Amino acid sequence: MTTTTREDCLARDRADPLAPLRDAFDLPEGVIYLDGNSLGARPRAALERAAAVVAREWGQDLIRSWNTAGWFEMPARLGDRLAPLVGARQGEVVVTDTTSLNLFKVLASALAMQERADPQRRVIVTERSNFPTDIYMAEGLAAWLDRGYRLLLVDSPDELPAAIGADCAVLMLTHVNYRTGYQHDMAALTRLAHERGTLAVWDLAHSAGAVPVDLHAANADFAVGCTYKYLNGGPGAPAFAWVPQRHQAAFSHPLSGWWSHASPFAMAPSFAPGQGIRRALCGTQPVVSLALVECGLEIFERTSMEALRAKSLALTDLFIDLVEARCAGHPLELVTPRAHDRRGSQVSFTHPHGYAVMQSLIARGVIGDYREPRIMRFGFTPLYTRFADVWDAVAILKDILDREDYDITAARGAVT
Ligand SMILES: *Cc1c(COP(=O)(O)O)cnc(C)c1O
């Protein structure tokens with residue numbers, strides 16, 4: 001039973017060394033935003049940056065901006081800025097395309113590399129609870145290759161060691177589960193994969209900017225991730241792909257567009273792959289959206305993932321304690337791990353009327369989201385979430401549950 005009061009939460013905010021970072025964001029009055037895991041809040045700087053790109057770079061400088069404003073180099077330049085957040089080195093990350101497309105590229109390359117090393121391997125191991133697009137992209141690639149590749153979906157992380165057999169080509173996992181917030185042990189699973197001759201592909205959609213990640217320490221093979229979630233890049237902002245230097249020469253994928261060509265403006269009639277991480281590119285990027293990613297990354301450079309992680313765990317611990325103490329008696333069930341090293345930066349509770357309760361919360365300014373089945377998801381972004389926000393969110397949740405102030409017949413929006 002927690003004895004925390006709202007005063008205690010306010011005191012923690014006053015003592016919080018990260019508190020000033022909230023000023024870097026423009027959050028609407030009266031909103032407690034607990035959905036930065038799905039769409040990060042807007043950095044203040046993004047408005048001015050967007051205006052500069054549209055009015056000056058596009059409007060005035062026109063096509064010259066590909067050179068003068070560095071548009072052409074932006075995927076690699078942003079990749080270098082993002083790299084420290086995931087334990088990548090310079091020249092190993094590009095910001096480009098979508099997570100789905102980047103996963104397709106790295107998975108295609110991993111399968112091709114395995115095909116050359118050991119053609120008997122035909123299995124891609126992942127989790128049934130993985131984010132659906134990851135499963136769909138792997139299914140699509142396997143079916144399209146039509147060479148006997150198949151997916152093996154496990155139902156629990158405990159089943160992974162037995163699933164990674166001599167027929168396994170690639171272990172493809174999302175580091176932090178989007179629904180439950182469960183965090184895998186990346187280093188241990190990658191080591192196991194390598195012991196069994198398997199390549200390890202990691203999706204960092206719910207990890208980059210949320211939890212410390214060290215791809216090199218884990219010796220991972222490939223990684224992809226989002227910039228519009230914890231990295232605050234903006235709606236639909238391009239994703240990222242990581243190819244470590246040791247795999248860059250062998251890296252190849254079927255989306256061999258002109259941006260991955262060795263010399264795009266030679267306009268050669270035949271494809272020749274470029275050097276280094278540029279190989280992970282395909283075609284022309286959405287420059288306005290791409291430019292805004294930098295505004296989010298700049299904010300991370302004012303702190304460290306270690307400091308952010310400490311606050312993230314304090315926020316999620318507080319939320320769990322307060323919900324369990326103050327909403328006791330209601331049919332809420334925690335599905336996020338209590339163990340710190342297994343937890344991402346979100347907390348999920350199931351409730352039989354999870355969707356309706358979440359709609360009530362949103363109507364009262366507490367914005368989280370809902371995922372099937374019955375899961376209410378609350379993301380805690382330490383850059384801008386205050387301890388008092390956690391207190392207030394739980395107070396509103398308690399009021400809604402105590403008074404059964406939710407409409408179980410409400411129609412659902414297209415996005416939940
Ligand atoms: C959010 C998310 C995606 C999103 O993919 P897009 O192609 O950017 O829509 C993919 N994978 C995981 C694990 C995610 O959490």
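Definitions and cut-offs
- Residues numbered from 1 in each chain as written.
- Predicted model: local features only at pLDDT ≥ 70, side-chain atom pairs only at ≥ 80, totals over all residues.
- Heavy atoms only, no water.
- UniProt positions renumbered as here; feature names shortened; annotations may be inferred.
- Helix = DSSP H or I, 4+ residues; strand = E, 2+ residues; numbered from the N terminus.
- Rg over C-alpha atoms; globule rule 2.2 N^0.38 Å.
- Buried < 20%, exposed > 50% of the residue type's maximum accessible area, 1.4 Å probe, protein only.
- Contact = heavy atoms within 4.5 Å.
- Lys, Arg positive; Asp, Glu negative; His and termini not counted.
- Charge placed at Lys NZ, Arg CZ, Asp CG, Glu CD.
- Near = heavy atom within 4 Å.
- Polar contact = N/O pair within 3.5 Å; in protein donor to acceptor, adjacent residues only side chain to side chain.
- Areas by Shrake-Rupley, 256 points an atom, 1.4 Å probe, with all protein chains shown as cover.
- Nonpolar A, V, L, I, M, F, W, Y, C, P; charged D, E, K, R; others polar.
- Pairing = 2+ DSSP bridges.
- Right-handed = clockwise from strand over helix to strand, strands pointing away.
- Salt bridge = Lys/Arg side-chain N within 4 Å of Asp/Glu carboxyl O.

As recorded by an unreviewed UniProt entry, the protein chain carries the name Kynureninase and is attributed to Massilia solisilvae. The UniProt entry for the protein chain carries the following comment under Subunit (unreviewed entry): "Homodimer." Heading Function (unreviewed entry) of the UniProt record for the protein chain holds this comment: "Catalyzes the cleavage of L-kynurenine (L-Kyn) and L-3-hydroxykynurenine (L-3OHKyn) into anthranilic acid (AA) and 3-hydroxyanthranilic acid (3-OHAA), respectively."

**As for the overall build of the protein chain**
The secondary structure content of the protein chain amounts to 14 helices and 13 strands. For 416 residues, the compact-globule formula gives about 22 Å, and the C-alpha radius of gyration of the protein chain, at 22 Å, lands near that figure. Seen through its C-alpha atoms, the protein chain measures out along the principal axes to roughly 70 × 60 × 40 Å. When burial is assessed residue by residue, the protein chain has 56% of its 416 residues classed as buried. Counting only contacts in the protein chain whose residues sit at least 6 apart along the sequence, the fraction spanning at least 24 positions is 73%. Measuring between centres, the 41 positive side-chain charges of the protein chain sit 3 Å from its 48 negative side-chain charges.

**Brief notes about the site of the ligand**
Looking at the ligand, there are 13 residues lining it, with Ser100, Asp134, His206, Tyr228 and Lys229 nearest. Between the ligand and Asp134 there is a distance of 2.8 Å, counted from a nitrogen atom to a side-chain nitrogen or oxygen. The fraction of the free accessible surface of the ligand (390 Å²) that becomes covered by protein chains is 87%. At the level of elements, α5 (99-117) and α6 (132-145) are the ones that each hand at least two residues to the shell around the ligand. Looking at side-chain class alone, the shell around the ligand contains four nonpolar, six polar and three charged residues.

**A word on the pairing of strand β5 (residues 168-174)**
With seven of seven residues buried, β5 lies mostly within the body of the structure. Summarising the sheet, strand β3 (residues 123-127) and β5 pair through three bridges and their orientation is parallel. For Val125, the partnering residue across the bridge sits in β5 and is Leu171. The pairing of β5 with strand β6 (residues 199-203) spans five bridges and is parallel. In the strand pairing of β6, Val170 is matched with Leu199. Between β5 and its parallel partner β6, the chain crosses via helix α8 (residues 186-195), and the hand of that crossover is right-handed.

**As for the pattern of salt bridges**
A side chain with one charge can pair with a side chain of the opposite charge if their charged atoms come near. By the definition in use, this model includes 29 salt bridges. A salt bridge links Arg278 to Glu73; the shortest N-O distance between them is 3.9 Å. One end of the pair, Arg278, is in the loop between α10 (245-248) and α11 (287-300); the other, Glu73, is in the loop between α3 (65-68) and α4 (74-82), with 205 residues separating them in the sequence. Owing to a relative accessible area of 18%, Arg278 belongs among the buried residues under this scheme. The salt bridge involving Arg128 is made with Asp155; its shortest N-O contact spans 2.7 Å. Of this pair, Arg128 sits in the loop between β3 and α6 while Asp155 is found in the loop between β4 (150-154) and α7 (160-163), placing the two residues 27 residues apart along the sequence. Judged by its relative accessible area of 46%, Arg128 falls in the partly exposed class.

**Regarding the pairing of strand β10 (residues 346-350)**
Extensive coverage of β10 is indicated by the burial of five of its five residues. By the alternation rule, side chains of β10 split into Gln346, Ser348 and Thr350 and Val347 and Phe349, which are all buried. Here strand β9 (residues 333-334) pairs with β10 via two bridges, running antiparallel. Directly across from Glu333, in β10, lies its bridge partner Thr350. One ladder, built from five bridges, connects β10 with strand β13 (residues 375-379); its direction is antiparallel. Its bridge partner lying in β13, Phe349 is registered against Met376.

**A few points about unusual backbone geometry**
That bond from Glu372 to Pro373 is cis: its omega, -10 degrees, falls within 30 degrees of zero. Tracing the chain through its elements places Pro373 in the loop between β12 (369-371) and β13. We note that Leu62 has phi near 50 degrees; this positive angle belongs to a residue other than glycine. As for its placement among the helices and strands, Leu62 is situated in the loop between α2 (45-60) and α3. Given the relative accessible area of 46%, Leu62 is considered partly exposed. Its identity is not glycine, yet Asn232 carries a phi of approximately 60 degrees, on the positive side. Considering the arrangement of structural elements, one finds Asn232 in the loop between β7 (222-225) and β8 (240-242). Look at Asn232 and you get buried, because its relative accessible area is 1%.

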